[in-house]
Amino acid sequence: MQRPEAWPRPHPGEGAAAAQAGGPAPPARAGEPSGLRLQEPSLYTIKAVFILDNDGRRLLAKYYDDTFPSMKEQMVFEKNVFNKTSRTESEIAFFGGMTIVYKNSIDLFLYVVGSSYENELMLMSVLTCLFESLNHMLRKNVEKRWLLENMDGAFLVLDEIVDGGVILESDPQQVIQKVNFRADDGSLTEQSVAQVLQSAKEQIKWSLLK
């Protein structure tokens, strides 16, 4: 699936929410071309994706906007989300003006975060694709030990699903094919390895500061 071009992002509650809900987009403002607002669906759907262990510690995380600009703010947010969701049977939570969908697998918690007006089904499609892709890559062992041993592949999986907050792919079979192609092509890149190392360094640094 080719990455779509990014249109201007609508303000909260405008064209994107209406389009996702199946309703008409609001009328164009004075001076706007009549067709412009119909071309403003929110492509920047995802604010963050992260995976925590069953103690709420970060294993993998990517943030796609500046809602939480610092590592400290991200970690506090993740801990609060974990405390709110880890003992519930639900799959959707609303926290801090955001919509969060999540899934538990053995000793892992997978989260996808969007804004308060994002379509929960769209967020859930990303979560399902992430889980099913990891399930295939980890040979049905979606748990902490195997995730840590295959972290470079996990980053590649996530990058095939979401890029800069834009959903690129929601079909796990397509994701796995692309990841396998990159691996066969020697493209478990230095960048992906560097991401893993940087994430580990930041996690250790934060743990020492706590």
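Residues numbered from 1 in each chain as written. Predicted model: local features only at pLDDT ≥ 70, side-chain atom pairs only at ≥ 80, totals over all residues. Heavy atoms only, no water.

Enquirer: Explain the overall build of the chain here, please?
Expert: Along its length, the chain carries seven helices and seven strands. From first element to last, N terminus to C terminus, the chain shows the α and β order α-β-β-α-β-β-β-α-α-α-β-β-α-α. Each of the 210 residues in the chain was classed as buried or not, and the buried ones make up 44%. Accessible area of the chain: about 11500 Å², with a carbon and sulfur share of 53%. (Helix = DSSP H or I, 4+ residues; strand = E, 2+ residues; numbered from the N terminus. Buried < 20%, exposed > 50% of the residue type's maximum accessible area, 1.4 Å probe, protein only. Areas by Shrake-Rupley, 256 points an atom, 1.4 Å probe, with all protein chains shown as cover.)

Enquirer: Looking at this model, I keep getting lost on the pairing of strand β4 (residues 98-105). Mind explaining?
Expert: Within a regular beta strand, the side chains point alternately toward one face of the sheet and then the other, so they alternate between its two faces. Most of β4 is tucked away, with six of its eight residues classed as buried. In this sheet, β4 lies alongside strand β3 (residues 92-95) in antiparallel orientation, the contact comprising four bridges. The residue of β4 that forms the bridge with F94 is T99. Hairpin connection of β3 to β4: two residues between the antiparallel strands, including G96 at a positive phi of 60°. (Pairing = 2+ DSSP bridges.)

Enquirer: Is there a simple way to explain the sheet that holds strand β2 (residues 58-63) in this structure?
Expert: Within a sheet, each strand pairs with its neighbour through backbone hydrogen bonds, oriented either parallel or antiparallel. With respect to topology, five strands assemble into an open sheet ordered β2-β1-β5-β4-β3, the strand pairing being antiparallel. Strand pairing shows two members of the sheet lacking a second neighbour, β2 and β3, which therefore form its edges. On average, each strand axis in the sheet is tilted by 20° relative to the strand beside it, whichever way the strands run. With respect to the sheet, helix α2 (residues 71-85) is in contact with β1 (46-53), β2, β3, β4 and β5 (108-115), its orientation differing from that of β2 by roughly 115°. (Axes fitted to C-alpha atoms, helices over the stretch in contact; angles between N-to-C directions. Contact = heavy atoms within 4.5 Å.)

Enquirer: Please explain the environment of M75 as it appears in this structure.
Expert: Examined against the element boundaries, M75 turns out to sit in helix α2. M75 sits in the buried class, given a relative accessible area of 9%.

Enquirer: It is not clear to me how the environment of N104 should be interpreted in this structure. Could you clarify?
Expert: Counting through the fold element by element, N104 comes out in strand β4. Separated by 27 residues in sequence, N104 and F131 place their C-alpha atoms 9.8 Å apart. Among the polar contacts made by the side chain of N104, one reaches the main-chain carbonyl oxygen of L108 at a distance of 2.8 Å. (Polar contact = N/O pair within 3.5 Å; in protein donor to acceptor, adjacent residues only side chain to side chain.)

Enquirer: Explain unusual backbone geometry here, please?
Expert: A negative phi angle is the norm for most residues apart from glycine, just as the trans form is the norm for most peptide bonds. Non-glycine residue R139 carries a positive phi angle of around 55°. In this structure, R139 sits in the loop between α3 (120-137) and α4 (144-149). In this structure, K140 takes a positive phi of about 65° despite not being glycine. Among the structural elements, K140 can be located in the loop between α3 and α4. Looking at K140, the relative accessible area reads 68%, which means it is exposed.

Enquirer: What is the right way to read the side chain of E169 from this model?
Expert: Among the structural elements, E169 can be located in the loop between β7 (166-167) and α6 (172-184). Only 3.1 Å separates the side chain of E169 from the backbone nitrogen of D171, close enough to count as a polar contact.

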